[in-house]
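What follows is each chain in one-letter form.
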Amino acid sequence: MKKFPLAVDCFTKCISCDPTISDAWKRRGQVRTAQGELVESLNDLNQAIKLNSKDADAYMQRGLTYQITKDFQLALNDFRQIVVNNSSFEKNAMLLNYIGMCEAQLGNLDVSISHYTKALEIDPDYKEAAMNLAQMRKVQYSII
């Protein structure tokens, strides 16, 4: 519904009532990212993770926010932490694609290609991973 200020107010009230609810911090952080309030969002997501260090979605949201800020190393750290906390995410095509994107931005071409390839093995119809893999192959062959 894109009523972001109202959502921030609601989550802020929830946090005021009980600041130990990690999900309220996470959701307010998500909304703040959507509004472009990246510093405030990262503060909220950091608090959510402090309260619940096993919440894969909090790491995902913070990783995506770090990607927006172009801090690809911190984004990669968060995406990898998701796998550490829950090994079933090793088979999550979307997460593998995000890891591949970070690795590409950090100049790790072969590692990036490996992650896109794994994502496509899991979901052969994942168009974004296929496009990203094609881009990396293009870069790879232009280097040779």
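Use the structure listed above.
Keep in mind the model is a prediction, meaning the values are calculated, not measured.

Parameters at a glance
- Residues numbered from 1 in each chain as written.
- Predicted model: local features only at pLDDT ≥ 70, side-chain atom pairs only at ≥ 80, totals over all residues.
- Heavy atoms only, no water.
- Phe/Tyr/Trp six-rings, centres within 6.5 Å; stacked < 30°, edge-to-face > 60°.
- Helix = DSSP H or I, 4+ residues; strand = E, 2+ residues; numbered from the N terminus.
- Axes fitted to C-alpha atoms, helices over the stretch in contact; angles between N-to-C directions.
- Parallel < 35°, antiparallel > 145°, perpendicular 65-115°, else oblique.
- Left-handed = near helix turned anticlockwise from the far one by under 90°.
- Contact = heavy atoms within 4.5 Å.
- Core = buried A, V, L, I, M, F, W, Y, C linked by side-chain atoms within 4.5 Å.
- Buried < 20%, exposed > 50% of the residue type's maximum accessible area, 1.4 Å probe, protein only.
- Expected span 1.5 Å × (residues − 1).

(A) How the structure looks around the packing of aromatic side chains. A full pass over the atoms with the stated rule returns one aromatic pair. Aromatic pair Phe 79 and Tyr 98: ring centres 5.5 Å apart, planes at 20°, arrangement stacked. You can see Phe 79 sitting in helix 5 (residues 72-85) and its partner Tyr 98 sitting in helix 6 (residues 93-105), a full 19 residues away along the chain.

(B) Spotlight on the packing of helix 3 (residues 38-51) against helix 4 (residues 56-68). The contact between helix 3 and helix 4 brings their axes to 10 Å, and the two run at 155°. By the angle class used here, helix 3 and helix 4 are roughly antiparallel. Crossing hand, helix 3 versus helix 4: left-handed. Residues Leu 38, Ser 41, Leu 42, Leu 45, Asn 46, Ala 48 and Ile 49 of helix 3 touch helix 4, and the partners they reach there are Ala 58, Tyr 59, Gln 61, Arg 62, Thr 65, Tyr 66 and Ile 68.

(C) Spatial organisation of the nonpolar core. With 20 residues, the main nonpolar core has Met 60, Ala 75, Phe 79, Ile 82, Leu 95, Ile 99 and Cys 102 as its most contacted residues. Elements supplying a minimum of two residues to this core: helix 2 (22-35), helix 3, helix 4, helix 5 and helix 6. When sequence neighbours within four positions are dropped, the list of residues in contact with Ala 75 reads Gly 63, Tyr 66, Gln 67 and Cys 102. In this structure, Leu 109, Tyr 116, Ala 119 and Tyr 126 belong to the second largest nonpolar core, which totals 11 residues.

(D) Molecular detail of helix 2. Taking 1.5 Å per residue as the helical rise, helix 2 with its 14 residues ought to reach 20 Å, and the 20 Å between its terminal C-alpha atoms agrees with that figure. Listing the buried residues of helix 2 in full gives Ser 22, Ala 24, Trp 25, Lys 26, Arg 28, Gly 29, Val 31, Arg 32 and Thr 33. Residues of helix 2 that are buried sit in contact with helix 1 (4-17), helix 3 and helix 4. At the exit of helix 2 stands Gly 36, carrying a positive phi of roughly 85°.

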